[in-house]
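As a plain string of letters, each chain reads:
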Amino acid sequence: RCGSSAAKAKRTTMTLTLATWNVNSIKARLPNALDWLTEAKPDIVCLQEIKTVDEGFPREEIERLGYNIITHGQKTYNGVAILSKFPIEETLPGLPGDETDEQARYLEAVISAPNGPVRVASIYLPNGNPAPGPKYDYKLAWMDRLARHAEGLLKLEEPLILAGDYNVIPRDSDCWDPEVWEKDALALPQSRAAFDRLKWLGLTEAFEQLDGRAHQYTFYDYQAGRWNKGQGIRIDHLLCSPQAADHLESIEIHKATRGEPKASDHIPILGIFSL
C-alpha cells in the first residue's frame, strides 16, 4: 500500500512539456534547433515547414539528444515532424478526408508517455493567400477536414494536443496592426470562424486559457524589418482536448530564438502539462 501511494504521488507531480515550432527549413535552422532543444529540453516537439523529404531529415544530430523522430516530408515545401523522448506508437501521416491532397501538412501520433498515452498532431495549416481564390478555398476546405477529424478524435476522450502553425490570427489584438491584416487570409472572418469552430468542438487554445495578453507574437516576417520594429502576429497555437487542457500548467513563447542569427521567422511555443 505504501508503495502504491508513493507511485501515485509521483505520477501526479510529473510534467510533460510539448512545443510547436515552424522551423522554416530544418536544414537551414539546424544549429538553432539543436541549441534550443538542448536548452529547453522539451519532451515532445511538433515541427512544421521542415522543407525536406523524409530521407533528408537530419535524424542523427537530433537523435543524439534523445529523441525518437517521425516525419511526413515533402521536397522544398511544407513537411511536418514529431520529436519525442518517449516511444511513438500509432502514426497517421496526412489529414484524412481528401485522398487527392498531396501536401505534407499533417502528422499525428500516439506518444507513450510515462503516465499514459498522449495523442499529438503537428499541423501546418495552409496560408490561403491571395484571398479570395483557389488557395483560400483550399485553406477553408482543409480547416473543415481538420474540424471533422478533430471531432472524431475528441470522442476518444483522451489527452489530445493539436499543435502547429495554424496561419490564423484569432483576434485583432494578436497582430501589430489590424488594418494591415484585415484583408489577409490569416485574419479574414471566415478564417477566424473556422478556427472558432475547432474550439466550439471542445478544444481549448492553450495561450488563451492561461495567458491571453494582447500583442504576444509568434511570427515576425523577414520583410520590412518586422522583428526590429516589434511588428508580429500570433499564429502558432496549441489546441487541447479537455483531458489535456485540465492539466495545462503554463504556456511559454520562447521569443529569444527569433533574435538569433539565421533564425526562423516563427517562435517556439511550449506548453507544460501535469500529465
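Since the structure is predicted, the reported quantities are computational estimates derived from the model, not experimental observations.

Participant: Could you give me a rundown of the sheet that holds strand β12 (residues 269-273), with the residues and numbers involved?
Facilitator: On the basis of which strands lie adjacent, the open sheet formed by six strands has the order β3-β4-β2-β1-β12-β11 and mixed pairing. Two strands bound the open sheet, and with one partner strand each, they are β3 (68-72) and β11 (248-253). If you compare each strand with its neighbour and ignore which way they point, the axes differ by 15° on average. Alignment of β3 against strand β4 (residues 80-84), held across five bridges, turns out to be antiparallel. Looking at β4, one finds that N68 is bridged to S84.

Participant: Go over unusual backbone geometry with me, naming the residues and quoting the values.
Facilitator: Cis geometry marks the peptide bond from N129 to P130; its omega dihedral reads 0°. In this structure, P130 sits in the loop between β7 (116-124) and α4 (134-154). Residue E157 is not a glycine yet carries a positive backbone phi of 55°. What makes E157 exposed here is its relative accessible area of 61%. Of note in this structure, N167 is not a glycine but carries a positive phi near 50°. On the accessibility criterion, N167 (5% relative accessible area) is buried.

Participant: Account for the pattern of salt bridges, naming residues and giving values.
Facilitator: As enumerated under the stated definition, the model contains 15 salt bridges in all. Close ionic contact of D101 with R145 constitutes a salt bridge, the shortest N to O distance being 3.0 Å. Note that D101 is positioned in the loop between β5 (88-93) and β6 (106-113) and R145 in helix α4, a separation of 44 residues in sequence. Assessed through its relative accessible area of 18%, D101 is described here as buried. Here R148 makes a salt bridge to D144, at a shortest N to O gap of 3.0 Å.

Participant: Describe the confidence of the model for the chain, naming the residues involved and giving the relevant values.
Facilitator: When pLDDT is averaged along the chain, the result is 95; 95% of the residues meet or exceed 70. Per-element averaging of pLDDT across the chain places helix α1 (residues 2-13) at the bottom with 44 and strand β2 (residues 44-48) at the top with 99. Here residues 1-11 is a poorly scored stretch, pLDDT under 50, and it has one contact once near neighbours within four places are set aside; other chains count.

What counts, and where the lines are drawn
Residues numbered from 1 in each chain as written. Predicted model: local features only at pLDDT ≥ 70, side-chain atom pairs only at ≥ 80, totals over all residues. Heavy atoms only, no water. Pairing = 2+ DSSP bridges. Helix = DSSP H or I, 4+ residues; strand = E, 2+ residues; numbered from the N terminus. Axes fitted to C-alpha atoms, helices over the stretch in contact; angles between N-to-C directions. Buried < 20%, exposed > 50% of the residue type's maximum accessible area, 1.4 Å probe, protein only. Salt bridge = Lys/Arg side-chain N within 4 Å of Asp/Glu carboxyl O. pLDDT = per-residue confidence, 0-100. Contact = heavy atoms within 4.5 Å.

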